[in-house]
Amino acid sequence: MKRIDSTGSIKITRTRKSLHLLRKVFHALAGVAFVSLYELFLTREQTMLVFGVIFVLLGSVEIIRVRYPKSWVAKLALRIMGMFARNYEKTHASGMIFFVMGFLIVVGIFPKKIAVLSTLFLSIGDPCASAAGISYGYLGPRFSNGKSLVGVLGGTVACAITAYLYYVRDMGHSSSLLLVSIIGGLAGSVTEALCGRKIDGSGGPIDVDDNLAVPVGSGLMYYLCLVYFFPSFL
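In short, a report on the structure. Keep in mind it's a predicted model, so treat the numbers as computed, not measured.

## Here's the deal with helix α7 (residues 175-194)
Part 1: Its 20 residues place the ends of α7 29 Å apart at the C-alpha level, agreeing with the 28 Å of an ideal helix rising 1.5 Å per residue.
Part 2: Among the residues of α7, Leu-177, Val-180, Ser-181, Gly-184, Gly-185, Ala-187, Gly-188, Ser-189, Thr-191, Glu-192 and Ala-193 are the ones counted as buried.
Part 3: On its buried face, α7 sits against α5 (112-136), α6 (149-171) and α8 (210-229).

Structure follows, in structure tokens:
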């Protein structure tokens, strides 16, 4: 929930579980919407143009919000993003700007299938990893960055299923598809487990926002594996 203190600043006081739920559902829907536009309606050039404009607008708002926290732009932005924001995002760039940046990068440098899947690894795999970790993380070890083995396994399964369902519609079931799906699961979950902004003693070990790191990192790993071993899936 939000409350306003004596200085007029907005305090974000949601519990960890409800915050994760809201953020992950929002990211899942946004990611599916992004790739649906690219997959079904827009060319690469059109996608770069549309989301490039969105990135510039979001970036401008973020610069004003962070540098001038008492401005009307900052207050309006926090009111809009308040239900999805982490507490540290009051004074740091929000995850959404990294989300759009990551999407632009993968669309710009990877084949369409890799760009679509690497974005889905973030928007679907990351929420599943978080849900598994929060609900059942106590059943296994936790890493120094706070993430759990159970969460990593949950993300691996979600990313693998996502890759399988994406490819099976055109490629049909095969042993090669199973291997490609497992590789996708590992590419998505390993990147998610290793990355995260180091703020308030958590995150990392690679200090990169996972909204940027997961699509770019998993996309690179996946592309290299497919181009050398399964080029027919590109």
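## Quick look at helix α4 (residues 95-109)
Part 1: With 15 residues, α4 extends 21 Å from end C-alpha to end C-alpha; this agrees with the ideal 21 Å at 1.5 Å per step.
Part 2: α4 sits mainly inside the fold: 11 of its 15 residues count as buried.
Part 3: Buried residues of α4: Gly-95, Met-96, Ile-97, Phe-98, Phe-99, Val-100, Gly-102, Phe-103, Leu-104, Val-106 and Val-107, and no others.

## Observations concerning the environment of Cys-159
Part 1: Structurally, Cys-159 is set in helix α6.
Part 2: It is 7.3 Å that separates the C-alpha atoms of Cys-159 and Ser-189, two residues lying 30 residues apart in sequence.
Part 3: Contact partners of Cys-159, with chain neighbours within four places excluded, come to Phe-121, Gly-125, Gly-184, Gly-185, Gly-188 and Ser-189.

## Things to note about the packing of helix α2 (residues 44-67) against α4
Part 1: One way to put it is that α2 packs onto α4 with a least axis distance of 9 Å and a crossing angle of 155 degrees. By the angle between their directions, the pair α2 and α4 is classed as roughly antiparallel. For α2 against α4, the interelement crossing comes out left-handed. Touching Arg-44, Thr-47, Met-48, Phe-51, Gly-52, Ile-54, Phe-55, Leu-58, Gly-59 and Glu-62 of α2 are Met-96, Ile-97, Val-100, Met-101, Phe-103, Leu-104, Val-107 and Gly-108, all from α4.

## Some words on the packing of α4 against α8
Part 1: At their nearest, the axes of α4 and α8 sit 7 Å apart, and the two run at 15 degrees to each other. The angle between α4 and α8 falls in the class roughly parallel. By crossing handedness, the relation of α4 to α8 is classed as right-handed. Between α4 and α8, the residues in contact are Gly-95, Phe-98, Phe-99, Met-101, Gly-102, Ile-105 and Val-106 and Asn-211, Leu-212, Pro-215 and Val-216, respectively.

## Looking at the nonpolar core
Part 1: Ranked by internal contacts, the top residues of the largest apolar core, which has 32 residues, are Phe-103, Tyr-167, Tyr-222 and Leu-226.
Part 2: Sequence-distant contacts of Phe-103, defined by excluding residues within four places in its chain, comprise Phe-34, Val-35, Tyr-38, Thr-47, Phe-51 and Thr-119.

## Section: the side chain of Ser-123
Part 1: Relative to the helices and strands, Ser-123 resides in helix α5.
Part 2: By relative accessible area, which is 0% here, Ser-123 ends up buried.
Part 3: Among residues more than four places away in sequence, those in contact with Ser-123 are His-27, Ala-28, Gly-31 and Val-32.

## Observations regarding the side chain of Glu-62
Part 1: Position of Glu-62 among the secondary structure elements: in helix α2.
Part 2: Take Glu-62: its relative accessible area is 10%, and that puts it in the buried class.
Part 3: Setting aside chain neighbours within four positions, we find Glu-62 in contact with His-92, Ala-93, Ser-94 and Ile-97.

## A look at the state of the cysteines
Part 1: All told, the structure shown has 0 disulfides when counted by the stated rule.
Part 2: Cysteine Cys-128 shares no disulfide, and the gap to the nearest cysteine sulfur, in Cys-159, comes to 8.0 Å.
Part 3: Since its relative accessible area comes to 33%, Cys-128 is described here as partly exposed.

Calculation notes
- Residues numbered from 1 in each chain as written.
- Predicted model: local features only at pLDDT ≥ 70, side-chain atom pairs only at ≥ 80, totals over all residues.
- Heavy atoms only, no water.
- Helix = DSSP H or I, 4+ residues; strand = E, 2+ residues; numbered from the N terminus.
- Expected span 1.5 Å × (residues − 1).
- Buried < 20%, exposed > 50% of the residue type's maximum accessible area, 1.4 Å probe, protein only.
- Contact = heavy atoms within 4.5 Å.
- Axes fitted to C-alpha atoms, helices over the stretch in contact; angles between N-to-C directions.
- Parallel < 35°, antiparallel > 145°, perpendicular 65-115°, else oblique.
- Left-handed = near helix turned anticlockwise from the far one by under 90°.
- Core = buried A, V, L, I, M, F, W, Y, C linked by side-chain atoms within 4.5 Å.
- Disulfide = S-S within 2.5 Å.

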